[in-house]
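Structural description and commentary
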Amino acid sequence: MDTATFNDIGAVVEADRAHVWHHLTQHKAFETVDPRVVVEGKGLRVWDATGRETLDAVSGGVWTVNVGYGRESIANAVRDQLLKMNYFAGAAGSVPGAIFAQMLTDKMPGLTRVYYSNSGSEANEKAYKMVRQIAHTKHGGKKWKILYRERDYHGTTIAALASGGQEERKSMYGPFPEGFIPVPHCLEYRSQWGEVADYGLRAANAIEEVILREGADTVGAIILEPVTAGGGVITPPEGYWPRVQEICKQYGLLLIIDEVVCGVGRTGKWFGYQQYDIQPDIVTMAKGLASGYAAISCTVTTEAVFEMFKDAADPMAHFRDISTFGGCTAGPAAAIENMRIIEEEDLLGNTTAMGERLMGNLHKLMEKHSVIGDVRGKGLFCGAELVADRATKEPMAESKVAAVVAAVMKRGVQIGMTNRSLPGFNNTLCLSPALIVTAAQIDQITDAIDGALTEVCG
């Protein structure tokens, strides 16, 4: 069956209703309404099975399609590679795998080695396994604990959820593996310590307090998002990152940076950590790596981390891990072309410029609508936290935030929100249009939010 030209849309919708289990979706509703089936995309625009056109301001719903829809050159690169050599297990190399690893590490000074897998969750799992194996081979079984931050998200597998700071995402999936320890979030708008000078320093020092409580000889690593994504689009406060780096060096922690959302241009630099002068030991990435044109993720390390797995005399010393689909060549082939597009079209520059316009528009909306309590973001990765009362910062109810998102959709624009993540705090609108977005499209997005806020909140 040629699905690209299949035109019995009614049959498609019924097949979906009868057989597809959608992500993050309560299916009870599909007993009375049709599931949404998206059939085509071009640029930032998508069309569903009813013919309805929508401007996608969340890059595929989950911050993924960085270079936009309908990129023929990526499709051609993948097709040509699949005909030449589609797959071989990752114990051997491939032409696109080698070329992209070189291209990628050229953009990441200080990092040299690329381990391929097929999802962000899996990329983080690899990092955790590296930390655990190093604990055994270099630290006598100690330094096996991994710190994570409240509100951060690192994936959907059991271990990734164990390291996630979103309680509603974790609910009912325990018990979790031991050794994943939370540290406080760094959202100054919702300071845990009240009004404090140097909040960024205070939030970073809280990490040191956890290390000392657990015992520095038991803690091997910390994983952090450079900008917290689904936990509320949290940009780090002044002074935070330098102190975090200092703490990691002082106590011998490997610093893992989760770039699954921020990576490959989303913030206006190749990687979000590069906005803050961080030197990580391990960086994980997925999503925008190939803009959703193929499944690919990478766990990228320094040479120092890589060297800890080299010992010819010990048959157990190498990294004894495998990812079946890490051997697919479609991923790196798509990623090569994706990176070329970002460079040749100066999408990092566009991201910076359009991000400034988006933040400017959001600040204007904040002046107009008292339900916007805070606006945060970096590049084309922005959020607006909605409140019931600006003075008390009481969060807007999740159902009402969802009504705002629906009212935006009614105006032909799809945005996101924090949902079923943080009890009582699922109240941030999330915006992450493709890096090709134009000024007119930025204005269309914020105009739709303006109208929706007026409709829902008055």
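Located above this text is the structure these notes cover.
Summarised in this report is the structure supplied together with it. (Residues numbered from 1 in each chain as written. Predicted model: local features only at pLDDT ≥ 70, side-chain atom pairs only at ≥ 80, totals over all residues. Heavy atoms only, no water.)

1. Structural notes on the overall build of the protein
Of regular secondary structure, the protein possesses 14 helices and 16 strands. Projecting the C-alpha coordinates of the protein onto the three principal axes gives extents of approximately 65 × 60 × 45 Å. Counting only residues that meet the buried cut, the protein has 52% of its 458 residues in that class. The contacts of the protein with a sequence gap of at least 6 include a subset with a gap of at least 24, amounting to 71%. When the accessible surface of the protein is split by element, carbon and sulfur atoms take 55% of a total near 20100 Å². Counting 44 positive and 55 negative side-chain charges, the protein places the averaged centre of each group 1 Å from the other. (Helix = DSSP H or I, 4+ residues; strand = E, 2+ residues; numbered from the N terminus. Buried < 20%, exposed > 50% of the residue type's maximum accessible area, 1.4 Å probe, protein only. Contact = heavy atoms within 4.5 Å. Areas by Shrake-Rupley, 256 points an atom, 1.4 Å probe, with all protein chains shown as cover. Lys, Arg positive; Asp, Glu negative; His and termini not counted. Charge placed at Lys NZ, Arg CZ, Asp CG, Glu CD.)

2. Structural notes on the pattern of salt bridges
If you walk through the whole model with that rule in mind, you get 29 salt bridges. Across the pair Lys145 and Glu214 runs a salt bridge, and its minimum N-O distance is 2.8 Å. Within this pair, whereas Lys145 is found in strand E5 (residues 145-149), its partner Glu214 is found in helix H8 (residues 199-214), the two being separated by 69 residues in sequence. A salt bridge links Glu455 to Arg411, with the shortest nitrogen-to-oxygen separation between them at 2.8 Å. Remark: Arg411 occurs in the loop between helix H13 (398-410) and strand E14 (413-414) and Glu455 occurs in helix H14 (residues 439-457); sequence separation between them is 44 residues. Residue Arg411 is classed as partly exposed on the basis of its relative accessible area, which comes to 35%. (Salt bridge = Lys/Arg side-chain N within 4 Å of Asp/Glu carboxyl O.)

3. Here's the deal with the packing of helix H4 (residues 95-106) against helix H11 (residues 330-344)
Packing of H4 against H11 leaves a shortest axis separation of 8 Å and a crossing angle of 40°. Here the hand of the crossing between H4 and H11 comes out left-handed. Residues Pro96, Gly97, Ile99, Phe100, Met103 and Leu104 of H4 form the contact with H11, whose own contacting residues are Pro332, Ala333, Ala335, Ile336 and Met339. (Axes fitted to C-alpha atoms, helices over the stretch in contact; angles between N-to-C directions. Left-handed = near helix turned anticlockwise from the far one by under 90°.)

4. Considerations on the packing of aromatic side chains
Applying the stated criterion to the full structure yields 7 aromatic pairs. Between Phe271 and Tyr273, the ring centres sit 6.1 Å apart and the planes meet at 20°, which makes this aromatic pair stacked. No difference in accessibility class separates Phe271 from Tyr273, as the two residues are buried. Their ring planes at 65° and their centres at 5.6 Å tell us that Phe309 and Phe319 sit as a pair that is edge-to-face. With Phe309 in the loop between helix H10 (303-307) and H11 and Phe319 in the loop between H10 and H11, this pair connects stretches of sequence that are 10 residues apart. Exposure remark for Phe319: the relative accessible area of 16% places this residue in the buried category. Among the aromatic residues, those joined into a cluster by ring pairs are Tyr115, Phe309 and Phe319. The ring of Tyr153 has Arg169 lying over it, and the distance from NZ or CZ to the ring centre is 5.2 Å. A cation over an aromatic ring shows up here: Arg202 above the ring of Trp193, its NZ or CZ 4.4 Å from the ring centre. (Phe/Tyr/Trp six-rings, centres within 6.5 Å; stacked < 30°, edge-to-face > 60°. Lys NZ or Arg CZ within 6 Å of the ring centre and 35° of its normal.)

5. Quick notes on the side chain of His369
Secondary-structure assignment places His369 in the loop between helix H12 (347-368) and strand E11 (372-377). Since its relative accessible area comes to 5%, His369 is described here as buried. Reaching out from His369, the side chain makes a polar contact with the side chain of Asp450 at a distance of 2.6 Å. With near-sequence residues (within four places) excluded, His369 lies in contact with Arg390, Asp450, Leu453, Thr454 and Gly458. (Polar contact = N/O pair within 3.5 Å; in protein donor to acceptor, adjacent residues only side chain to side chain.)

6. Considerations on H8
Taking 1.5 Å as the rise per residue, H8 with 16 residues should run 22 Å; its terminal C-alpha atoms sit 23 Å apart, in good agreement. Listing the buried residues of H8 in full gives Tyr199, Gly200, Ala203, Ala204, Ala206, Ile207, Glu208, Val210 and Ile211. Positioned one or two residues after H8, Gly215 has a phi angle of 100°, which is positive. (Expected span 1.5 Å × (residues − 1).)

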